[in-house]
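# Secondary and tertiary structure notes
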Amino acid sequence: MTRELPWLVLQAALLVVLLHANAPEVWFWFAVLLVLLLWRSVAWRQRRWQRLQERQGGAQEPPSTSGSATG
């Protein structure tokens, strides 16, 4: 959660700006907020997926691709 706290504060600030924006600016700030939310959710999913892979593959080592291991 400490890693996400600065992003949550930034998103809350963008939401405040969005709520106070004039009509032409609303779509711009909405798009900025949406892109930021999507980017953070993709990054969170990627970190979660990597943690799952580390837990499942902890006992198994990936196959080596070096030349000396093939022959």
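Report on the accompanying structure. Quick caveat, the model's predicted, so the values are computed rather than measured.

Okay, the overall build of the protein next. Along the protein, the regular secondary structure elements total two helices and zero strands. Scored against the burial criterion, the 71 residues of the protein give a buried share of 13%. Taken as a whole, the protein presents about 6,300 Å² of accessible surface, with 65% of it coming from carbon and sulfur.

Once that is clear, we can look at a nonpolar patch on the surface. On the surface, W27, F30, L34 and L38 cluster together to form a nonpolar patch covering roughly 460 Å² of accessible area. With respect to the secondary-structure elements, F30 resides in helix α2 (residues 23–56). For F30, a relative accessible area of 39% corresponds to the partly exposed category.

A surface patch of positive charge is lined by R3, R45, R48, R51 and R55. Mapped onto the elements of the fold, R45 is located in helix α2.

So, about the packing of aromatic side chains. In this description, an aromatic ring pair is defined by two values, namely the gap between the centres and the angle between the planes. Throughout the structure, instances matching the rule amount to two aromatic pairs. Between the aromatic rings of F28 and W29, the centroid separation amounts to 5.0 Å while the plane-to-plane angle is 70 degrees, which identifies the pairing as edge-to-face. W29 gets classed as partly exposed once you look at its relative accessible area, which sits at 26%. Over the aromatic face of W39 sits the side chain of R40, whose NZ or CZ is 5.4 Å from the ring centroid.

The rules behind each value
- Residues numbered from 1 in each chain as written.
- Predicted model: local features only at pLDDT ≥ 70, side-chain atom pairs only at ≥ 80, totals over all residues.
- Heavy atoms only, no water.
- Helix = DSSP H or I, 4+ residues; strand = E, 2+ residues; numbered from the N terminus.
- Buried < 20%, exposed > 50% of the residue type's maximum accessible area, 1.4 Å probe, protein only.
- Areas by Shrake-Rupley, 256 points an atom, 1.4 Å probe, with all protein chains shown as cover.
- Patch = residues over 30% accessible without salt bridge, like charges linked within 9 Å, V, L, I, M, F, W, Y side chains within 5 Å.
- Salt bridge = Lys/Arg side-chain N within 4 Å of Asp/Glu carboxyl O.
- Lys, Arg positive; Asp, Glu negative; His and termini not counted.
- Charge placed at Lys NZ, Arg CZ, Asp CG, Glu CD.
- Phe/Tyr/Trp six-rings, centres within 6.5 Å; stacked < 30°, edge-to-face > 60°.
- Lys NZ or Arg CZ within 6 Å of the ring centre and 35° of its normal.

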